[in-house]
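# Residue-level structural notes
Residue-level listing of the chains:
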Amino acid sequence: MKEKFIQIKSTGVPLAVENIDTDQIIPARFLKATTREGFGDNLFRDWRYDAENKPVSNFVLNDATYSGKILVAGKNFGCGSSREHAAWAIYDFGFRVVVSSFFADIFRNNALNNGLLPVVVTDNFLRNIFKAIEQNPKTEITIDLQNQIISFNTEKENFEINAYKKICMTNGYDDIDYLLSLTEEIKEFDLVNS
């Protein structure tokens, strides 16, 4: 059972870089563990730290101006290899949503399977979010999963999500939890059809 996701209202962390691949999200040298914990420490490791392991001051995750549970990223987020660890690292760092105008399919599915909501918006809406955060880092973004609406200031847009994944996220289910939630219906079906 995972954390239920109904609605999040949070400030956003802007990472206006396109084509961020999974090796940039979590470099391969940190993929030795098999549990999901601890990967957030190495999220964007090569961008967050220099060769001497000191924080890069102008990288957004090291800038105290920005915080929140929503990562706002450039187009084509999560491309590259299919490592599930990328979703683990983002979630473990504290993000619950990634907003972009395009996600690589495998990353999107890995995110949804791990309680991280990828929200696809239009290019124009994404530009406007970046602009709003730049003007006011305390801009609050609301993600309403039940109604599939993302909004900030006076702007809002609908987003799509697979109906099954929506049920799982709003209930905090993984695939096994979902099947267990159908136990009574399965028993009834079995009685009727035996």
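Quick note: structure is the one above.
Residues numbered from 1 in each chain as written. Predicted model: local features only at pLDDT ≥ 70, side-chain atom pairs only at ≥ 80, totals over all residues. Heavy atoms only, no water.

Before going further, it helps to examine the overall build of the protein chain. The secondary structure content of the protein chain amounts to eight helices and seven strands. For 194 residues, the compact-globule estimate of 2.2 N^0.38 gives 16 Å, and the C-alpha radius of gyration of the protein chain, at 18 Å, lies within 12% of that figure. Here the protein chain holds 194 residues, and the buried ones make up 46% of them. Contacts in the protein chain between residues at least 24 apart in sequence constitute 65% of all its contacts with a sequence separation of at least 6. Carbon together with sulfur atoms contributes 49% to the accessible area of the protein chain, which is approximately 10,500 Å² in total. Seen as two clouds, the 21 positive and the 27 negative side-chain charges of the protein chain have centres 3 Å apart. (Helix = DSSP H or I, 4+ residues; strand = E, 2+ residues; numbered from the N terminus. Rg over C-alpha atoms; globule rule 2.2 N^0.38 Å. Buried < 20%, exposed > 50% of the residue type's maximum accessible area, 1.4 Å probe, protein only. Contact = heavy atoms within 4.5 Å. Areas by Shrake-Rupley, 256 points an atom, 1.4 Å probe, with all protein chains shown as cover. Lys, Arg positive; Asp, Glu negative; His and termini not counted. Charge placed at Lys NZ, Arg CZ, Asp CG, Glu CD.)

Of all hydrophobic cores here, the largest spans 27 residues; its most connected members are Ile-25, Phe-44, Phe-77, Ile-90 and Phe-107. Breaking this core down by element, the ones donating at least two residues are strand E1 (7-15), strand E2 (70-73), helix H3 (85-93) and helix H4 (105-113). Leaving out residues up to four positions away in the same chain, Ile-90 has contacts with Ile-25, Leu-43, Phe-77, Phe-95, Val-98, Phe-107 and Leu-116. In terms of nonpolar packing, the next biggest core, distinct from the first, is built from 24 residues, Ile-70, Val-97, Val-121 and Met-169 among them. (Core = buried A, V, L, I, M, F, W, Y, C linked by side-chain atoms within 4.5 Å.)

The next subject is helix H6 (residues 163-171). Within H6 the residues assigned to the buried category are Lys-165, Lys-166, Cys-168, Met-169 and Thr-170. Buried residues along H6 sit against H4, strand E4 (117-120) and helix H7 (175-181). N-capping of H6 is provided by Asn-162, with a side-chain oxygen placed 2.8 Å from the backbone N of Tyr-164. (Polar contact = N/O pair within 3.5 Å; in protein donor to acceptor, adjacent residues only side chain to side chain.)

This part is about the pattern of salt bridges. Taken as a whole and assessed by the stated rule, the structure comprises eight salt bridges. With a closest N to O distance of 3.9 Å, Lys-165 and Asp-175 form a salt bridge. Of the two residues, Lys-165 is situated in helix H6 and Asp-175 in helix H7; the sequence distance between them amounts to 10 residues. On the basis of relative accessibility, which here comes to 13%, the residue Lys-165 falls in the buried class. (Salt bridge = Lys/Arg side-chain N within 4 Å of Asp/Glu carboxyl O.)

Another point: H3. Along H3, the positions that sit buried rather than exposed are His-85, Ala-86, Ala-87, Trp-88, Ala-89 and Ile-90. Positive backbone phi, at 125 degrees, marks Gly-94, one or two positions downstream of H3.

Attention now moves to the packing of aromatic side chains. Across all of its chains, the model carries 11 aromatic pairs by this definition. Relative to Trp-47, the ring of Phe-44 lies with its centre 5.5 Å away and its plane at 10 degrees, an arrangement referred to as stacked. The partly exposed category is assigned to Trp-47, whose relative accessible area is 25%. Taken together, the ring pairs connect Phe-44, Trp-47 and Phe-59 into an aromatic cluster. Its end group placed over the ring of Tyr-49, Arg-45 keeps NZ or CZ at 4.3 Å from the ring centre. Over the face of the ring belonging to Tyr-91 we find Arg-96, whose NZ or CZ atom lies 3.6 Å from the ring centre. (Phe/Tyr/Trp six-rings, centres within 6.5 Å; stacked < 30°, edge-to-face > 60°. Lys NZ or Arg CZ within 6 Å of the ring centre and 35° of its normal.)

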